Amino acid sequence: MDTKADALIVAAGKGERSGLNIPKQFYEIKGKPVLFYTIEAFCRCSTIDNIVIVLPAEGFEHYSEYMQNVISEQLNVSEKQIVYVAGGSTRMQSVYNGIVKLSQFSKNSVVCIHDGVRPFVAQEIITASAECATKYGAALTAVQMTDTVKSVENGIVTATLDRNSIYAAQTPQAFNVALIKSAYEKAFRSGMQFTDDCSVAEYSGIAVHIVKGSVKNKKLTLHEDFEELL
Ligand code: CTP
Ligand code: MG
């Protein structure tokens, strides 16, 4: 199957839990921002056509120029179109801004939505998520839990969950563009808040199919995630 899809990389957050003094997606590893490595993975993936990158609205000019410079110095991306868009105050708004932009210029029917702070994503996972969404409409990259999982209230265990049916959600989360766009519009109309795209799809009753993720595909979130990189 010669699947083609676009990428939507969200990097408009503040990274508050990281405790860094800059938004974590711009934290530099070996002289290049975390977001660069994420973009690089999508640039090198033959399944991916256009790439939309969502950056903070505050400082948008500065950040887009910064990323453009790093990319033109480091990557040969002549065959891919990279477009920058300003994000919003929630991840949902940032994703939606990106989807609107994408649907204005691209004819591809599938989008792989990815966190800008998951730089270690493998190309095979990107392709598998695009293929799954092409086939079924909605795909979630996820890993089955290896630890036993507990439900806890006020510091006391209330239940032990069935590990076999528990998965940790990662990105990319890939969708038919029209399907996820209308699911987002429905979520906004009802005032619902979700932290990932599949939750938005699930709320619209869309069946989400699982693609096998990897523990390596980590989201850099806490300060200790960055300490481990040094
Ligand atoms: N994101 C975004 N726009 C927002 C919030 C988040 O584009 N308004 C992006 C982040 O930049 C990140 C991804 O969504 O790449 C996953 O979110 P998360 O890990 O929660 O990042 P932050 O919101 O930046 O971090 P925190 O919640 O610790 O402040
Ligand atoms: Mg957040």
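This one's a predicted model, so the numbers in the text were calculated from it and none came from an experiment.

**Student:** Explain the overall build of the chain to me, please; I cannot follow it from the model alone.
**Tutor:** Across its full length, the chain carries seven helices and 11 strands. Each principal axis of the C-alpha atoms in the chain carries an extent, and together these give about 55 × 40 × 35 Å. Excluding contacts between residues fewer than 6 apart, the proportion of contacts in the chain whose partners are at least 24 apart in sequence is 75%. Only carbon and sulfur atoms are counted for the fraction: they give 48% of the accessible area of the chain, which is about 11700 Å². Across the chain, the centroid of the 22 positively charged side chains sits 4 Å from that of the 25 negatively charged ones.

**Student:** Any chance you could explain helix α2 (residues 60-74) here in plain terms?
**Tutor:** Since one α-helical turn is 3.6 residues long, residues separated by three or four positions face the same way. With 15 residues, α2 extends 21 Å from end C-alpha to end C-alpha; this agrees with the ideal 21 Å at 1.5 Å per step. Among the residues of α2, those classed as buried are F60, Y63, S64, M67, V70 and I71. Within α2, the buried residues cover an arc of 130 degrees as seen down the axis, which keeps them to one side. More than 90 degrees from the buried face of α2, the exposed residues found are E61, H62, S72 and E73. Each element contacted by the buried residues of α2 is listed here: β3 (32-33), α1 (34-43), β4 (48-55) and β5 (82-86).

**Student:** Got a minute to help me understand the pattern of salt bridges in this structure?
**Tutor:** Opposite charge on two side chains allows them to pair when their charged atoms are near. Scanning the model with the defined rule gives six salt bridges in all. Across the pair D115 and R91 runs a salt bridge whose closest N-O atoms are separated by 3.1 Å. Residue D115 is located in strand β6 (residues 110-115), and its partner R91 is located in helix α3 (residues 91-105); the two are separated by 24 residues in the primary sequence. Take D115: its relative accessible area is 9%, and that puts it in the buried class. Given a relative accessible area of 23%, R91 falls into the partly exposed group. Bridged by salt links that share partners, the residues R91, D115, R118 and D197 form one connected network.

**Student:** What should I look at first to understand the site of ligand 1 in this one?
**Tutor:** G15, E16, R17, S94 and K219 are the nearest of the 19 residues found near ligand 1. V10 is positioned with one of its backbone polar atoms (N or O) 2.8 Å from an oxygen atom of ligand 1. S94 places a polar side-chain atom, nitrogen or oxygen, 2.7 Å from a nitrogen atom of ligand 1. For ligand 1, whose unbound accessible area comes to 560 Å², protein coverage reaches 87%.

**Student:** Looking at this structure, how should I read the sheet that holds β4?
**Tutor:** Note: strands within a sheet are paired through backbone hydrogen bonds, in either parallel or antiparallel orientation. Sheet architecture is open: seven strands sit in the order β5-β4-β1-β6-β10-β7-β11, paired in mixed fashion. In this open sheet, the two edge strands, each paired with only one partner strand, are β5 and β11 (209-212). Strand-to-strand, the axes of this sheet are offset by a mean angle of 30 degrees, without reference to chain direction. Bridge analysis of strand β7 (residues 138-144) against strand β10 (residues 167-176) gives six bridges, and the strand direction is antiparallel. Note that in β10 the partner of L140 across the bridge is Q173. Along the sheet, α1 contacts β1 (5-10), β4, β5 and β6; its crossing angle with β4, the most-contacted strand, is approximately 160 degrees.

**Student:** How do you make sense of the pairing of β4 when you look at a structure like this?
**Tutor:** For a regular strand, side-chain orientation follows a simple rule: the groups alternate between the two sheet faces. Across the eight residues that make up β4, a large majority, seven, are buried. Relative to β4, β1 runs parallel, the two being bridged by five bridges. Residue L8 lies in a different strand from β4, and its bridge partner there is V52. Summarising the sheet, β4 and β5 pair through five bridges and their orientation is parallel. Note on β5: the bridge partner recorded for V54 is V85. Once you follow β4 into α2 and on to β5, the crossover reads as right-handed.

Criteria and cut-off values
Residues numbered from 1 in each chain as written. Chains lettered and ligands numbered in written order. Predicted model: local features only at pLDDT ≥ 70, side-chain atom pairs only at ≥ 80, totals over all residues. Heavy atoms only, no water. Helix = DSSP H or I, 4+ residues; strand = E, 2+ residues; numbered from the N terminus. Contact = heavy atoms within 4.5 Å. Areas by Shrake-Rupley, 256 points an atom, 1.4 Å probe, with all protein chains shown as cover. Lys, Arg positive; Asp, Glu negative; His and termini not counted. Charge placed at Lys NZ, Arg CZ, Asp CG, Glu CD. Expected span 1.5 Å × (residues − 1). Buried < 20%, exposed > 50% of the residue type's maximum accessible area, 1.4 Å probe, protein only. Arc of directions from axis to C-beta. Salt bridge = Lys/Arg side-chain N within 4 Å of Asp/Glu carboxyl O. Near = heavy atom within 4 Å. Polar contact = N/O pair within 3.5 Å; in protein donor to acceptor, adjacent residues only side chain to side chain. Pairing = 2+ DSSP bridges. Axes fitted to C-alpha atoms, helices over the stretch in contact; angles between N-to-C directions. Right-handed = clockwise from strand over helix to strand, strands pointing away.

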